[in-house]
Amino acid sequence: SQQGEEDPQALSIQEGENATMNCSYKTSINNLQWYRQNSGRGLVHLILIRSNEREKHSGRLRVTLDTSKKSSSLLITASRAADTASYFCATDAGGSGNTGKLIFGQGTTLQVKP
Amino acid sequence: ETGVTQSPTHLIKTRGQQVTLRCSSQSGHNTVSWYQQALGQGPQFIFQYYREEENGRGNFPPRFSGLQFPNYSSELNVNALELDDSALYLCASSLQGRVSGNTIYFGEGSWLTVV
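It should be emphasised that the depicted structure is a prediction, and the values quoted were computed from it without experimental measurement. (Residues numbered from 1 in each chain as written. Chains lettered and ligands numbered in written order. Predicted model: local features only at pLDDT ≥ 70, side-chain atom pairs only at ≥ 80, totals over all residues. Heavy atoms only, no water.)

Draft legend 1. Spatial organisation of the state of the cysteines. Residues and elements named next belong to chain B. Scanning the model with the defined rule gives two disulfides over all chains in all. The disulfide partner of C23 is C91, and the gap between their sulfur atoms is 1.8 Å. Torsion about the S-S bond of the C23 and C91 cystine: about -55 degrees, corresponding to left-handed handedness. With C23 in strand β3 (residues 19-24) and C91 in strand β9 (residues 87-94), this residue pair connects regions lying 68 residues apart in the sequence. Here C23 falls in the buried class, since its relative accessible area comes to 3%. By relative accessible area, which is 0% here, C91 ends up buried. (Disulfide = S-S within 2.5 Å. Helix = DSSP H or I, 4+ residues; strand = E, 2+ residues; numbered from the N terminus. Buried < 20%, exposed > 50% of the residue type's maximum accessible area, 1.4 Å probe, protein only.)

Draft legend 2. Region of interest: the pairing of strand β6 (residues 53-57) of chain B. Residue and element names in this part refer to chain B. Pairing analysis gives three bridges linking strand β5 (residues 44-50) to β6, with the strands arranged antiparallel. In the strand pairing of β6, F47 is matched with R57. Between the antiparallel neighbours β5 and β6 lie two residues, among them R51 with a positive phi of about 50 degrees. (Pairing = 2+ DSSP bridges.)

Draft legend 3. Spotlight on the sheet that holds strand β1 (residues 5-7) of chain B. Residue and element names in this part refer to chain B. The antiparallel open sheet is built from four strands, whose spatial order is β1-β3-β8-β7. Edge positions in the sheet fall to β1 and β7 (64-68), since each has one partner strand and no second. Neighbouring strand axes in the sheet, compared pairwise and without regard to direction, differ in orientation by 15 degrees on average. Judged from the five bridges that link them, β7 and strand β8 (residues 74-78) form a sheet pairing that is antiparallel. The residue of β8 that forms the bridge with G66 is L76. (Axes fitted to C-alpha atoms, helices over the stretch in contact; angles between N-to-C directions.)

Draft legend 4. Inspection of the side chain of S93 of chain B at higher detail. Residue and element names in this part refer to chain B. Checked against the element boundaries, S93 lands in strand β9. Residue S93 is classed as buried on the basis of its relative accessible area of 0%. Within the local environment of S93, its side chain forms a polar contact with the side chain of H29, the two groups lying 2.7 Å apart. With near-sequence residues (within four places) excluded, S93 lies in contact with V4, S25, Q26, H29, T31, T103, I104 and Y105. (Polar contact = N/O pair within 3.5 Å; in protein donor to acceptor, adjacent residues only side chain to side chain. Contact = heavy atoms within 4.5 Å.)

Draft legend 5. Geometry of the nonpolar core. Residue and element names in this part refer to chain A. One finds M21, L32, W34, L74, I76 and L110 to be the most contacted residues of the largest nonpolar core, which totals 21 residues. Listing elements by their share of this core, those giving two or more residues are β2 (10-14), β3 (19-24), β4 (31-37), β5 (43-50), β7 (61-66), β8 (71-76), β9 (85-92) and β11 (108-113). Among residues more than four places away in sequence, those in contact with I76 are E17, N18, A19, M21, R60, L61, D83, Y87 and L110. (Core = buried A, V, L, I, M, F, W, Y, C linked by side-chain atoms within 4.5 Å.)

Structural data, given as structure tokens:
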């Protein structure tokens with residue numbers, strides 16, 4: 001079963017706008033990760049946030065984590081057409097948070113129009 | 001480039017046949033995990049191999065089996081293929097035994113179509 005539920009399922013914006021994707025999960029976590037997938041291809045790791053962190057930045061990406069609400073958000077600022085992809089949140093099934101057995105959400109499909 | 005390579009990239013099989021998918025993990029990584037991703041869905045964990053032994057399994061039947069070799073490369077075997085097995089199969093490599101939150105590297109996947 002899917003651990004995370006992502007919202008929205010699909011998002012279409014203009015280049016230059018910001019894109020926000022949300023993820024909710026069910027069980028306690030040690031960390032939460034975000035991945036990107038171009039159509040029909042492999043997953044690329046974007047960012048990892050630990051349970052004791054509330055916010056993390058990487059370039060144009062900003063991730064927040066609210067463990068009390070069991071939710072996370074991914075913000076992509078100043079979007080580009082090349083950001084068009086599907087984005088997934090994932091939590092680790094293992095208690096140590098380092099098992100590599102990931103539970104993925106359904107994903108958000110982002111389309112950035114030039 | 002993640003350093004994880006999978007083969008074949010695409011294949012078509014007939015219902016009831018058997019298939020073997022291969023994965024070469026990133027150099028130095030001792031753990032390989034396999035995922036199934038149906039169209040429009042998120043990846044689902046199949047199983048993981050650590051130092052040549054199965055180290056956890058998702059909700060998949062026994063006809064899904066795997067191997068990990070001494071060089072840490074891996075195979076996923078699926079017997080008695082069903083139409084619902086049509087999916088993208090992803091291999092991911094990582095290094096166990098390190099601090100929490102190791103980056104996991106995915107291959108580009110193998111597209112399996114069962115007809």
